[in-house]
Amino acid sequence: MTDPTAPLYAAADIHGHRTEFGRALVEAGLVDSTGGWCGGRARLWLLGDYVDPGPDGIGVIEDIWTLAAQAAAAGGEVRCLLGNHEVQLLAAHHFGTTLVVGLDEPGGFRSGWARFGGCGEDLRRLTDEHLAWMSALPAVAVVDGILLVHSDSVRYLERGSDVAAVNTSVRTALQTRDTNVWLELAFQMSDRGAFRGANPAEAEAAVSTMLDRLGGTEIVHGHSTLTKHFGIAPEDIKGPLRYADGRVSAIDGGVYEGGRIIVTRLR
């Protein structure tokens with residue numbers, strides 16, 4: 001069992017940038033210069049989007065597997081959530097260019113995946129082990145009173161009224177071969193911006209609803225880059241951005257937009 005009092009870290013949105021991911025882990029003191037886990041009993045949660053549009057999403061996934069085994073041996077842990085880019089890659093694999101009603105893409109899921117930066121080499125290198133791992137990832141988690149999600153969205157609640165129900169629903173959807181189910185899941189996972197915006201009251205209500213339903217006292221998410229979606233210059237990104245009266249933290253440093261991967265200590 002992992003130590004619930006051990007340091008808790010989070011990172012998000014690696015997007016196939018394997019070298020940058022390794023560098024960020026070294027800077028955080030979780031891996032050594034050879035890439036091996038040196039974080040002891042620390043806990044690291046990764047909040048989705050391991051693949052696309054960077055060059056080596058499969059390599060990132062396999063690095064995560066190695067780190068998870070090394071961390072477990074040291075009494076720590078590396079855990080992962082599902083991101084929208086994993087859903088898109090899985091859909092491209094399962095359905096190819098099959099026409100999908102309701103998706104404005106003549107080449108189906110494969111076309112949509114490619115338009116959002118899908119890496120052809122990742123698709124070619126997929127094995128049953130990669131597919132099974134992505135398909136079993138939870139969508140949400142509550143750790144030390146922190147609600148961890150990939151997307152800054154309330155649409156998780158369309159999947160269930162608590163963490164277990166949401167994760168069961170998402171896992172069930174990933175096992176089906178119904179394109180309507182997959183399209184709905186892709187739209188839900190790609191949604192963003194619910195915790196900020198022009199109407200502060202609506203944003204505050206969204207934060208409160210998520211915490212009331214799923215648990216926790218604060219939310220940490222990736223998905224919406226600090227560069228594009230929060231307007232922070234890449235060179236100014238040093239760490240997470242707290243907003244919504246300190247109840248929400250955004251940690252996607254926009255590595256594919258010239259930013260960086262943020263590995264932040266939460267506890």
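To be clear, the structure that these remarks concern was listed above.
Everything in this summary refers to the structure shown in the same document. (Residues numbered from 1 in each chain as written. Predicted model: local features only at pLDDT ≥ 70, side-chain atom pairs only at ≥ 80, totals over all residues. Heavy atoms only, no water.)

Observations regarding the packing of helix H7 (residues 163-175) against helix H8 (residues 179-190)
Stated precisely, the cut-off is as follows: Only C-alpha atoms enter the line fits that serve as axes; for helices the fit covers just the stretch in contact. Angles between N-to-C directions range over 0 to 180 degrees. Runs of H or I in DSSP of at least four residues are treated as helices and runs of E of at least two as strands, each being numbered from the N terminus. Should an angle fall under 35 degrees it is called roughly parallel, over 145 degrees roughly antiparallel, and 65 to 115 degrees roughly perpendicular, with every other angle called oblique. Two helices cross in a left-handed way if the nearer one is turned anticlockwise from the farther one by less than a right angle. They cross in a right-handed way if the turn is clockwise. We call two residues in contact when some of their heavy atoms are within 4.5 Å. Under the convention adopted here, Pro, Cys and the residues Ala, Val, Leu, Ile, Met, Phe, Trp and Tyr are nonpolar, Asp, Glu, Lys and Arg are charged, and Gly plus all remaining residues are polar.
With their axes 9 Å apart at the nearest point, H7 and H8 run at an angle of 135° to one another. In terms of axis orientation, H7 runs oblique to H8. For H7 against H8, the interelement crossing comes out left-handed. From H7, Val170, Ala173 and Leu174 reach across to H8, where they touch Val181, Trp182 and Leu185. When its residues are assigned to classes, the contact of H7 with H8 shows six nonpolar, no polar and no charged.

Focus on the pattern of salt bridges
A pair can form between side chains of opposite charge whenever their charged atoms are brought close. For clarity, the threshold we go by: By convention in these notes, a salt bridge is any Lys or Arg side-chain nitrogen within 4 Å of a carboxyl oxygen on Asp or Glu. Accessible area is worked out with a 1.4 Å probe on protein chains only. A residue is then buried under 20% of its type maximum, exposed over 50%, and partly exposed in between.
Applying the stated criterion to the full structure yields 14 salt bridges. A salt bridge links Arg124 to Glu121; the nearest nitrogen and oxygen atoms lie 3.0 Å apart. Note that Arg124 and Glu121 are positioned in helix H5 (residues 120-125) at a spacing of three residues, about one turn of the helix. When the shortest N-O distance is used, the salt bridge between Arg196 and Asp152 registers 3.6 Å. One end of the pair, Arg196, is in the loop between H8 and helix H9 (200-214); the other, Asp152, is in the loop between strand E5 (146-149) and H7, and 44 residues separate them in sequence. Judged by relative accessible area, which is 25%, Arg196 ranks as partly exposed. For Asp152, a relative accessible area of 0% corresponds to the buried category. What you see here is one network of salt bridges that share partners, running through Arg18, Asp56, Asp63 and Arg125.

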